[in-house]
Amino acid sequence: MSEQLTNEELIQVAREFGTPVYVYNADKIEQQYHKLRGAFGSERVKIFYAAKALTNLSVLRFIKKLGANVDCSSINEVKLALQAGFEPSRILYTSNGIHFTEIEEALQLGVFVNIDSLFNLQKLGAQYGNKYPVGVRLRPNIMAGGNLKISTGHDKSKFGIPVEQLDQLLEIVKKYNIRIRNLHIHTGSDIKDAAVFVKGIEVLFDIIPHFPYLQSVDLGGGFKVAYKEGDPVIDVEALAQKVLTEFDAHETARRLEIWFEPGKFMVSEAGYLITSVNLIKETSATTFVSVNSGFNHLIRPMFYDAYHRISNITNPSGPVKAYSVVGNICETDTFAWERPLPEVREGDLLVFYNAGAYGYEMASTFNSRFRPAEVIVYKGNAQLIRKRDTLDDLTRNQVVVDL
Ligand SMILES: *Cc1c(COP(=O)(O)O)cnc(C)c1O
């Protein structure tokens, strides 16, 4: 099956479902999962798809069918995963900064939880003693990832229990005899270097002997994918080899399962946001192209300064010119400044690539505009998996009062 949807396929989706529209290529998701499975081969490696990248139920169901497990970052994601058919035993909840009641709820649903604070670990012990085995998320104090906004393992990060508090952690564990089954670290997103994971493993190896009930080590996600031609990406084959070698070489780690939580790697490249050109505005600084979208639909370029490849799929061989691609909302929502594109005309379809991860998922109804529809394509067959918002969706929960 094709790795990329063709322009013709994308144009067909736009015709059938309108724009703006998110399109996901399920064949690509399948391919990415098989790439991971192929690289890690061994039974001891478990893959948990980080659902927060894209939680559409049809996508979750598909990923379940592929055989993956799922990692959730809120109790609602846990409930969506259950709704998508994941058995509780295949759901992991890596909590962060949440109230203890959410941990209780997850445990009662039969879901395994990674706890990320001494505060909640203490509560767990006081409430349940050693009834529920859990994992703990550690902060290894490693700087990793594309930039500070998406780096989570460094020494000023809010995520996880700082490793230097190990003594306090062990005190709580001992006091209540809590069975720690999993040690978790997730250092950031857009990690291109396997060495970051090896560094993380080394931090963990020092700690492992303190946890007699340990069954797994969870190295999180953050595998970098290509956003543009020639981008360095993570080599999962090399990563697998390095990680497995490290574990095999280490006496106390030999029997442990190894878990990963890829989000972006699974769905980023599978996703496209198709927009339509509203107008072209010539100015002395640049030529603006306004599309029927904005950071209300795809916020990564503005929020993370992320580069998203754009193409004009309805005039691919037009003469190339530089355009600044912007949205139609009342904020500066620049997708790209002075980007070379084949000549852009009113009504042309501009496609944003790598829109599968943190695309729809971070969309809002800012400016009271509708969130886009979502469509999935599998083996050439396109199906609607979420309708475009309607005015009803904007007012549904409002209570109108006269004052
Ligand atoms: C966000 C997140 C992931 C996934 O990160 P990607 O960069 O999308 O792979 C995995 N684990 C945890 C705990 C996360 O918060």
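Residues numbered from 1 in each chain as written. Predicted model: local features only at pLDDT ≥ 70, side-chain atom pairs only at ≥ 80, totals over all residues. Heavy atoms only, no water.

Definition in use: UniProt positions are given in the numbering used here, feature names are shortened, and annotations may be inferred rather than shown by experiment.
As recorded by an unreviewed UniProt entry, the protein chain carries the name Diaminopimelate decarboxylase and is attributed to Niabella ginsenosidivorans. Recorded under Subunit (unreviewed entry), the UniProt text for the protein chain is reproduced unchanged: "Homodimer."

Some thoughts on the nonpolar core
The line we're drawing: Buried Ala, Val, Leu, Ile, Met, Phe, Trp, Tyr and Cys residues form a nonpolar core when they are joined through side-chain atoms within 4.5 Å. Relative accessible area decides the class of each residue, using a 1.4 Å probe on protein chains only: under 20% of the type maximum gives buried, over 50% gives exposed, and in between gives partly exposed. Domains are outlined according to an automatic or database domain assignment. Here a residue-residue contact requires only that any non-hydrogen atoms of the pair lie within 4.5 Å.
In this structure, Tyr 49, Leu 121, Leu 169, Ile 180, Leu 183, Leu 219 and Phe 260 are the most contacted members of the largest nonpolar core, which totals 107 residues. Two domains share this core, each providing at least three of its residues, namely domain 1 (26-266) and domain 2 (268-388). Apart from the residues lying within four places of it in its own chain, the contact partners of Leu 183 are Val 136, Leu 138, Leu 204, Ile 207, Ile 208, Phe 211, Leu 214, Ser 216, Val 217 and Asp 218. Counting 17 residues, the second-largest nonpolar core is a separate cluster that includes Leu 5, Leu 10, Val 23 and Val 375.

Some remarks on the UniProt feature "binding site: substrate" (unreviewed entry) in the protein chain
Rule in force here: Secondary structure follows DSSP: runs of H or I at least 4 residues long count as helices, runs of E at least 2 residues long count as strands, and numbering of each begins at the N terminus.
Mapped onto the present numbering, the UniProt feature "binding site: substrate" (unreviewed entry) falls on Arg 300, Tyr 304, Glu 331 and Tyr 358. Tracing the backbone through its elements, the reader meets Tyr 304 in the loop between α11 (300-303) and β13 (310-312). Judged by relative accessible area, Tyr 304 falls into the buried class, the value being 17%. Among the secondary structure elements, Glu 331 is positioned in the loop between β14 (320-326) and β15 (334-342). Glu 331 gets classed as partly exposed once you look at its relative accessible area, which sits at 43%.

A closer look at the packing of aromatic side chains
Keep this limit in mind: Classification of ring pairs uses Phe, Tyr and Trp, with its six-membered ring standing for Trp, and accepts pairs whose centres are within 6.5 Å; under 30 degrees between planes counts as stacked, over 60 as edge-to-face, and the remaining range as tilted. In this analysis the charged atom, NZ for Lys or CZ for Arg, is taken to sit over a ring once it is within 6 Å of the ring centre and within 35 degrees of the ring normal.
Throughout the structure, instances matching the rule amount to 18 aromatic pairs. Note on Phe 223 and Phe 265: the rings are 5.8 Å apart at their centroids and 80 degrees apart in plane angle, and the pair reads as edge-to-face. Residue Phe 223 is located in the loop between β9 (216-218) and α9 (236-249), and its partner Phe 265 is located in helix α10 (residues 264-267); the two are separated by 42 residues in the primary sequence. Here Phe 223 and Phe 265 have matching classes, each one buried. Connected via pairs of aromatic rings, a cluster forms that spans Phe 40, Phe 197, Phe 223, Phe 260 and Phe 265. The lysine or arginine in question, Lys 228, covers the ring of Tyr 307, its NZ or CZ lying 4.3 Å from the ring centre. The ring centre of Tyr 353 lies 4.0 Å from the NZ or CZ of Arg 309, which sits over that ring.

Details of a nonpolar patch on the surface
Defined as follows: The patches reported here contain residues having more than 30% relative accessible area and no salt bridge. Joining distances are 9 Å for like charges and 5 Å for nonpolar side chains (Val, Leu, Ile, Met, Phe, Trp, Tyr). Surface exposure here means Shrake-Rupley accessible area, sampled with a 1.4 Å probe, where a residue is shielded only by the protein chains that are shown. Salt bridge, as used here: a side-chain nitrogen of Lys or Arg that lies within 4 Å of a carboxyl oxygen of Asp or Glu.
Together, Val 399, Val 401 and Leu 403 make up an exposed nonpolar region whose accessible area comes to about 420 Å². Along the chain, Leu 403 turns up in the segment after α12 (391-395).

Points about the pattern of salt bridges
Note on pairing: side chains with opposite charge can pair once their charged atoms come close. Applying the stated criterion across every chain, the model contains 13 salt bridges. One salt bridge connects Lys 79 with Glu 105, and the closest N-O pair in it is separated by 2.7 Å. With a gap of 26 residues between them, Lys 79 in helix α4 (residues 75-83) and Glu 105 in helix α5 (residues 100-108) connect regions that are remote in the sequence. For Glu 105, a relative accessible area of 31% corresponds to the partly exposed category. A salt bridge links Asp 348 to Arg 345; the shortest N-O distance between them is 2.8 Å. Owing to a relative accessible area of 3%, Asp 348 belongs among the buried residues under this scheme. Classification of Arg 345 as partly exposed rests on a relative accessible area of 36%.

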